[in-house]
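# Examination of the molecular architecture
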Amino acid sequence: MILIGFMGSGKTTIASGLGERMNMQAIDLDEEVVKLAGKEIPRIFEEEGEAGFRQKEFEALARTSSIKGIVATGGGVVTYDRSYDFLKITEQPVIYLHADFETLYNRIEGDENRPLVKRKDQVRALYDRRLVLYRQVADHEIDASLPVEEVISGILKIKW
Ligand code: S3P
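Residues numbered from 1 in each chain as written. Predicted model: local features only at pLDDT ≥ 70, side-chain atom pairs only at ≥ 80, totals over all residues.

### Considerations on the UniProt feature "binding site: Mg(2+)" (unreviewed entry) in the chain
Selection rule: UniProt positions are given in the numbering used here, feature names are shortened, and annotations may be inferred rather than shown by experiment. By the criterion used throughout, residues are in contact when their C-beta atoms, derived from the backbone, lie within 7 Å.
Here the UniProt-annotated "binding site: Mg(2+)" (unreviewed entry) positions come out as Thr12. Once residues within four sequence positions are removed from consideration, Thr12 is found in contact with Asp28 and Ala72.

The structure is reproduced here in structure tokens:
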């Protein structure tokens, strides 16, 4: 299973909760990219640009095909063509964790570990552009403004 959604939608927390519940491994793509690069995300952006980050993120995503687990992606994964195509054709279920912009912005405002969190209007523009892409690749959409436990039980109730 692959979780997608904007920054602050709870992908990492929910993947780990689902992993426990389903007795499966939870994989966080941001963590995998940090391991691959040997440096933290803000430094990857500084030294290799967003393009460098996206390439590594795709590599980490592609590697998950051979692992059975719950994958938490980074919020921008859908903006890179190769990752977008991967999500479109993967046989794993793709779940979009949706919440409105204000809810998400309140959760991520001022986070220095997220280089793309800058001015509010810029973050809103990213949100608007990505919303369409999330919906294009997702098999299911879940309300991620609810408490974590409810989001998890909502996903567990999906009939595949
Ligand atoms: C990004 C989201 C981050 C991380 C990187 C870029 C984005 O992941 O991959 O900072 O482009 O939205 P989270 O969605 O886990 O914050």
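### Overview of helix 4 (residues 81-89)
Just so we agree on the cut-off: In this scheme every C-beta is placed from the backbone, and a residue whose C-beta has 20 or more other C-beta atoms within 10 Å is buried, one with 12 or fewer is exposed, and one in between is partly exposed. Labels follow the DSSP assignment, with helices taken as runs of H or I lasting at least four residues and strands as runs of E lasting at least two, numbered in each case from the N terminus. The arc in question is the one spanned by the directions pointing from the helix axis to the C-beta atoms.
For helix 4, the full list of buried residues reads Ser83, Phe86 and Leu87. The buried residues of helix 4 occupy an angular sector of 95 degrees when projected down its axis, which confines them to one face. For helix 4, the exposed residues lying more than 90 degrees away from the buried face are Asp81, Asp85, Lys88 and Ile89.

### As for the UniProt feature "binding site: substrate" (unreviewed entry) in the chain
The UniProt feature table records "binding site: substrate" (unreviewed entry) at Asp30, Arg54, Gly75 and Arg130. Counting through the fold element by element, Asp30 comes out in helix 2 (residues 29-37). Here Asp30 falls in the buried class, since 21 other C-beta atoms lie within 10 Å of it. Apart from residues lying up to four places away in sequence, Asp30 is in contact with Ile41 and Gly74. Considering the arrangement of structural elements, one finds Gly75 in the loop between strand 3 (69-72) and helix 4. Not counting the four nearest positions on each side in its chain, Gly75 is found in contact with Gly5, Phe6 and Met7.

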